[in-house]
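# Secondary and tertiary structure notes
Below, each chain spelled out in residue letters.
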Amino acid sequence: MTADDKNERDAGSIRTDQIGKVFVLVGKDVRKCLVCEQLFTRRTASEHARVVCMPGIGMKTGSK
Ligand SMILES: [Zn+2]
C-alpha cells in the first residue's frame, strides 16, 4: 500500500513559496511583479509572492 501513502504525502506537500506569481528582474536587486507592476527587492519579492495583489495597484504614474 505504498501508492496511497505516497499520494497522501504528495497532497500534503503543497508549495507555499510559489503561487505562480511572476517577477521580472529589472535591476541588480530589483524585481517587478508582473501582476501589480510594483518594484520589490529580492526579500520583499518573496514576501510579496505570498500575498494577493491585483493589477493596477501600483500605478502612480498614469500613462492614460
Ligand atoms: Zn504584485
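Described in the following lines is the structure provided in the data block. Everything numeric here is computed off the predicted structure, so don't read it as measured data.

## So, the packing of aromatic side chains
Within this structure, the stated rule accounts for 1 aromatic pair. A centroid spacing of 6.1 Å and a plane angle of 90 degrees characterise the contact between Phe 23 and Phe 40, whose relative ring orientation is edge-to-face. With a gap of 17 residues between them, Phe 23 in strand E1 (residues 23-25) and Phe 40 in strand E3 (residues 39-41) connect regions that are remote in the sequence. Residue classification places Phe 23 among the partly exposed residues on the basis of a relative accessible area of 24%. Judged by its relative accessible area of 13%, Phe 40 is buried.

## Things to note about the coordination of the zinc ion
Only Cys 33 (SG), Cys 36 (SG), His 48 (NE2) and Cys 53 (SG) from the protein reach the zinc ion as donors, at distances of 2.0 to 2.4 Å. Here the zinc ion is ringed by 4 donor atoms whose angles at the metal span 101 to 114 degrees, and the overall shape comes out tetrahedral. Read from N- to C-terminus, the donor residues coordinating the zinc ion fall into the pattern C-x2-C-x11-H-x4-C. Overall, the relative accessible area of 8% leaves His 48 in the buried class.

## Description of the side chain of His 48
Among the secondary structure elements, His 48 is positioned in helix H2 (residues 42-48). Apart from residues lying up to four places away in sequence, His 48 is in contact with Lys 21, Phe 23, Cys 33, Cys 36, Phe 40 and Cys 53.

About the thresholds
Residues numbered from 1 in each chain as written. Predicted model: local features only at pLDDT ≥ 70, side-chain atom pairs only at ≥ 80, totals over all residues. Heavy atoms only, no water. Phe/Tyr/Trp six-rings, centres within 6.5 Å; stacked < 30°, edge-to-face > 60°. Helix = DSSP H or I, 4+ residues; strand = E, 2+ residues; numbered from the N terminus. Buried < 20%, exposed > 50% of the residue type's maximum accessible area, 1.4 Å probe, protein only. Donors = N, O, S within 2.8 Å, 3.2 Å for Na, K, Ca; no water. Tetrahedral: all angles 85-135°; square planar, octahedral: opposite > 155°, others 65-115°. Contact = heavy atoms within 4.5 Å.

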